[in-house]
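For reference, the chains in residue letters:
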Amino acid sequence: MSLKLTHLTKTFGSNTAVDDINLDVPKGSMYGFLGGNGAGKTTTFRMILGLLTQTTGEITYDGKKIDYSMTDKIGYLPEERGLHPKLKVSEQVKYLGKLKGMSTKEVNNKLDYWLERFEVPENREKKIEKLSKGNQQKIQLIASIIHNPELIILDEPFSGLDPVNVEMLKSAVKELNKDGATIIFSTHRMEHVEELCEELCILNKGKQIVSGNIDQIKDDFGQKDIIIEGDHDVSFIKAMPGVLDVKRVRNKTTVKIADEQFAEPIFNEVIKLGYFKRFQVQEPSINDIFIAKVGEKYE
Ligand SMILES: Nc1ncnc2c1ncn2[C@@H]1O[C@H](COP(=O)(O)OP(=O)(O)OP(=O)(O)O)[C@@H](O)[C@H]1O
């Protein structure tokens, strides 16, 4: 069972923010929503959470429409961070935990665990407004997962953080996923998706460009890169079958081929020239796929 979006569309006046999205988010997966500003990520999340009503289409979880009886199963880190600045960290998290039916002891245990994990136990009794932006984000994440939700939706969880904190939050997200939660997160950054996810959906101007299992998407795409490192002139490759592009920077040549079957004839020609340090066939990047499908570079 899973989260399923079927022909999901949302219009605001004449603007179609989300345009006929169809997705299956498998249980236990780490699912990345990739897209630039205004791609429709937040609008999609708000519809999943019932904060916005879709114009058309359907959303189901475990085969049922999402309603308020399921809110305890869902955790949400909103894009507009919503902590109360005047409350202490412990008060804020306790309040939210209690709303979800947790005992004070349960909240305290989990809060202590995560504060230690994020290396900020000293912030427990500090007012939220006194914390740095990165440390507020950690508390916001703790607040959204305190009740052990099975579906966790994180809107731009890594934005605005320094590299050390990005790594810390990434590792927390990985841990939650390993412990069984289904995680959907949005990001502008391709490398976050490449690193963390098995599944992805690329949104561009409200449209779903590509979605599903990343290995499968890369397989289906067909195109591969061959990296050739060595001193010989390999410019003849340009004229070989299946070659889409050849780029050379110093002694490293990148050859884009339409399918892996074109790699072997190239290999056979190249080795006739003698010694090479490297001949390697690589999977396409998400960026290559985006360019091929949208016709322009991902920003
Ligand atoms: N309440 C609203 N009223 C009118 N238009 C809206 C509303 N919410 C979103 N939109 C429009 O819908 C489109 C998608 O916005 P959305 O916030 O979902 O994108 P996003 O992918 O989350 O982008 P960002 O990374 O900038 O947050 C944009 O054109 C936005 O202006």
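Residues numbered from 1 in each chain as written. Predicted model: local features only at pLDDT ≥ 70, side-chain atom pairs only at ≥ 80, totals over all residues.

An unreviewed UniProt entry annotates the protein as ABC transporter ATP-binding protein originating from Corticicoccus populi. In the Sequence similarities (unreviewed entry) part of its UniProt record, the protein is described as follows: "Belongs to the ABC transporter superfamily." (UniProt positions renumbered as here; feature names shortened; annotations may be inferred.)

On to the overall build of the protein, then. For the protein, the count of helices and strands is 9 helices and 14 strands. Overall, the C-alpha framework of the protein stretches about 75 × 45 × 35 Å when taken along its three principal axes. Sorting the 299 residues of the protein into buried and exposed places 34% on the buried side. Nonlocal contacts in the protein, meaning residues at least 24 apart in sequence, comprise 68% of its contacts between residues at least 6 apart. (Helix = DSSP H or I, 4+ residues; strand = E, 2+ residues; numbered from the N terminus. Buried ≥ 20, exposed ≤ 12 C-beta atoms within 10 Å, placed from the backbone. Contact = placed C-beta atoms within 7 Å.)

This part is about the domain arrangement of the protein. Here the protein is partitioned into domain 1 (2-218) and domain 2 (223-283). A straight line from the C-alpha centre of domain 1 to that of domain 2 covers 42 Å. (Domains from an automatic or database assignment.)

Attention shifts here to the site of the ligand. Close to the ligand lie F12, N15, A17, G35, N37, G38, A39, G40, K41, T42, T43 and E79. At the level of secondary structure, the elements contributing two or more residues to the shell around the ligand comprise β2 (15-26) and α1 (41-48). Among the elements that line the shell around the ligand, the one with the most residues is α1, at 3 residues. Partitioned by chemical class, the residues of the shell around the ligand number 3 nonpolar, 7 polar and 2 charged. (Near = placed C-beta within 6 Å. Nonpolar A, V, L, I, M, F, W, Y, C, P; charged D, E, K, R; others polar.)

Our next topic: the environment of N204. With respect to the helices, strands and loops of the structure, N204 is situated in strand β9 (residues 199-204). What makes N204 buried here is the crowd of 20 C-beta atoms within 10 Å. Dropping the residues within four chain positions of it, N204 is found in contact with G35, A39, I209 and V294.

What follows concerns helix α3 (residues 104-117). With 14 residues, α3 ought to run about 20 Å at 1.5 Å a step, and its terminal C-alpha atoms sit 20 Å apart, in line with that. Turning to α3, its buried residues are V107, L111, W114 and L115. Summarising the axial view, the buried residues of α3 lie within an arc of 100°, below the 170-degree limit, and thus occupy one face. Residues of α3 that are exposed and point more than 90 degrees away from the buried face comprise K105, N109, Y113 and E116. Check the buried side of α3 and you find it contacts α2 (89-99) and α4 (133-145). E119 sits one or two positions beyond α3 and adopts a positive phi of about 60°. (Expected span 1.5 Å × (residues − 1). Arc of directions from axis to C-beta.)

Okay, the sheet that holds strand β12 (residues 243-249) next. Two pairing modes exist for strands in a sheet, parallel and antiparallel, and in both the strands are linked by backbone hydrogen bonds. Within the open sheet, the 4 strands sit side by side as β12-β13-β11-β14. Their pairing is antiparallel. With partners counted over all chains shown, the strands left at the sheet margins are β12 and β14 (278-282), one partner each. The mean angle between the axes of side-by-side strands here comes to 15°, regardless of whether they run parallel or antiparallel. Relative to β14, strand β11 (residues 224-229) is paired through 5 bridges, and the arrangement is antiparallel. Directly across from I226, in β14, lies its bridge partner V281. Packed onto the sheet, helix α8 (residues 263-270) meets β11, β13 (252-257) and β14 and runs at close to 10° relative to β11. (Pairing = 2+ DSSP bridges. Axes fitted to C-alpha atoms, helices over the stretch in contact; angles between N-to-C directions.)

Mapped onto this numbering, the UniProt entry annotates "domain: ABC transporter" (unreviewed entry) at residues 3-230. The annotated region residues 3-230 carries 34% helix and 30% strand content, and the separation between its end C-alpha atoms amounts to 49 Å.

This next bit is on α1. Of all 8 residues that make up α1, 8 are buried, and the element is covered over most of its length. Those residues of α1 not exposed but buried are K41, T42, T43, T44, F45, R46, M47 and I48. Positive backbone phi, approximately 80°, marks G50, located one or two places after α1.

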